[in-house]
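An overview of the molecular structure
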Amino acid sequence: DAKTTQPNSMESNEEEPVHLPCNHSTISGTDYIHWYRQLPSQGPEYVIHGLTSNVNNRMASLAIAEDRKSSTLILHRATLRDAAVYYCILYTGNQFYFGTGTSLTVIP
Amino acid sequence: DSGVTQTPKHLITATGQRVTLRCSPRSGDLSVYWYQQSLDQGLQFLIQYYNGEERAKGNILERFSAQQFPDLHSELNLSSLELGDSALYFCASSVDPTGLTLDTQYFGPGTRLTVL
């Protein structure tokens, strides 16, 4: 039973913002939301994580809905190097549950 | 380069065999995680060790086992291998000073296992 659901793929033009959605309707109060991305032929790499409030770092922003049942990863200006599979992950019960990921294509 | 090393990079073996995958975490990282990535199952958490002790268990089969040694490197042992065990196996590590596993995980490059 998937704990997170994401669109299979999305496209974005280079230098435009990208909003990657994730649904996690079964989230509980202490569950953290993590985002990792996986570039081709590499292991996943950390992007951002949060609990309740919106979060920003140098890579991206994470917007968490008030009811916490969904979140959105925001890449402010997509570059070609951002082409990757983005995973929305629920951290619950000492385990990370990966979604199926969204494959992001960045169009030059 | 994440600082996490995994050996070997590739492993080809036959059904019924046993293999050992090795992971060296980043210097100072106390937690080691193992994941399996396959085409049909995606990325799945297998097991976590923290400072030598098992901390959390995910979808790890009974034929699989892991351990973390005093020098903090870890090994994942896969036995009675089946065709369906063919996958990419990732190791990740994190500092995790509180044991709460909220720290950033740094992933290694993975070991590609092919079972023929």
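For the structure itself, consult the block above.
My aim in this report is to walk through the structure given alongside it, one point at a time.

What counts and what doesn't
Residues numbered from 1 in each chain as written. Chains lettered and ligands numbered in written order. Predicted model: local features only at pLDDT ≥ 70, side-chain atom pairs only at ≥ 80, totals over all residues. Heavy atoms only, no water. Helix = DSSP H or I, 4+ residues; strand = E, 2+ residues; numbered from the N terminus. Rg over C-alpha atoms; globule rule 2.2 N^0.38 Å. Buried < 20%, exposed > 50% of the residue type's maximum accessible area, 1.4 Å probe, protein only. Contact = heavy atoms within 4.5 Å. Areas by Shrake-Rupley, 256 points an atom, 1.4 Å probe, with all protein chains shown as cover. Lys, Arg positive; Asp, Glu negative; His and termini not counted. Charge placed at Lys NZ, Arg CZ, Asp CG, Glu CD. Pairing = 2+ DSSP bridges. Axes fitted to C-alpha atoms, helices over the stretch in contact; angles between N-to-C directions. Salt bridge = Lys/Arg side-chain N within 4 Å of Asp/Glu carboxyl O. Buried area = accessible area lost by both parts, 1.4 Å probe. Polar contact = N/O pair within 3.5 Å; in protein donor to acceptor, adjacent residues only side chain to side chain.

Broken down by element type, chain A carries zero helices and 10 strands. The globule rule puts the C-alpha radius of gyration for 108 residues at 13 Å, and the 13 Å found for chain A is close to it. Residues classed as buried in chain A amount to 45% of the 108 residues present. Long-range pairs, those at least 24 residues apart, make up 54% of the contacts in chain A between residues at least 6 apart in sequence. Total accessible area computed for chain A in this model is approximately 5,500 Å², and 47% of it derives from carbon and sulfur atoms. Between the centroid of the 7 positive side chains of chain A and the centroid of its 10 negative side chains there is a distance of 6 Å.

Residues and elements named next belong to chain B. Spatially, 1-3-8-7 is the arrangement adopted by the four strands of the open sheet, whose pairing is antiparallel. Two strands close off the open sheet at either side, each with one partner strand: strand 1 (5-7) and strand 7 (64-68). Recorded for the sheet is a direction-independent mean angle of 15° between the axes of neighbouring strands. The pairing of strand 7 with strand 8 (residues 74-78) spans five bridges and is classified as antiparallel. Bridge pairing in strand 8 places phenylalanine 64 opposite leucine 78.

Attention now moves to the pattern of salt bridges. The final tally for this structure, using the stated rule, is six salt bridges over all chains. The partner of arginine 37 of chain A in a salt bridge is aspartate 82 of chain A, and the shortest N-O contact between them spans 2.8 Å. With arginine 37 of chain A in strand 3 (residues 32-38) and aspartate 82 of chain A in the loop between strand 7 (70-75) and strand 8 (84-92), this pair connects stretches of sequence that are 45 residues apart. Using a relative accessible area of 10% as the deciding quantity, one classes arginine 37 of chain A as buried. Exposure remark for aspartate 82 of chain A: the relative accessible area of 12% places this residue in the buried category. Residue glutamate 82 of chain B is joined to arginine 63 of chain B by a salt bridge in which the shortest nitrogen-to-oxygen separation is 3.7 Å. With glutamate 82 of chain B in the loop between strand 8 and strand 9 (87-94) and arginine 63 of chain B in the loop between strand 6 (53-57) and strand 7, the pair connects residues that are 19 residues apart, well separated along the chain. The exposure class of glutamate 82 of chain B is partly exposed, given its relative accessible area of 45%. Connected via shared salt-bridge partners are Arg37, Glu45 and Asp82 of chain A.

Right, let's talk about the sheet that holds strand 6 (residues 61-64) of chain A for a bit. Residues and elements named next belong to chain A. Ordered in space as 2-7-6-5, the four strands form an open sheet in which the pairing is antiparallel. Lying at the two open borders of the sheet, with one neighbouring strand each, are strand 2 (18-23) and strand 5 (55-56). As paired strands, strand 2 and strand 7 are joined by six bridges and run antiparallel to one another. Bridge pairing links cysteine 22 to serine 71 in strand 7.

Let us look at the pairing of strand 6 of chain A. Residue and element names in this part refer to chain A. The sheet contact formed by strand 5 and strand 6 spans two bridges and is antiparallel. The residue bridging valine 55 from the neighbouring strand is leucine 62, located in strand 6. Here strand 5 folds back onto strand 6, and the loop between the two strands holds four residues. With four bridges connecting them, strand 6 and strand 7 associate as antiparallel partners. Paired with serine 61 across the strands is isoleucine 74, a residue of strand 7. The turn linking strand 6 back onto strand 7 is made up of five residues, and arginine 68 within it adopts a positive phi angle of 65°.

This next bit is on the pairing of strand 8 of chain B. Residues and elements named next belong to chain B. With five of five residues buried, strand 8 lies mostly within the body of the structure. Burial along strand 8 is two-sided: the residues Ser74, Leu76 and Leu78 and Glu75 and Asn77 are all buried. Note that strand 3 (residues 19-24) and strand 8 share five bridges and pair antiparallel. Pairing of leucine 21 across the sheet is with leucine 76, part of strand 8. In this antiparallel pair of consecutive strands, strand 7 and strand 8, the connection spans five residues, and leucine 72 shows a positive phi of 80°.

With 19 residues of chain B at the interface, the matching set in chain A holds 15 residues. Each partner contributes to the roughly 1,400 Å² buried at the junction of chain B and chain A, and carbon and sulfur atoms together form 57% of this total. Our count for the chain B to chain A interface comes out at four residue pairs in polar contact (both at pLDDT 80 or more). Secondary-structure elements contributing two or more residues to the side of chain B that touches chain A are strand 4 (31-38), strand 5 (42-50) and strand 6 of chain B.

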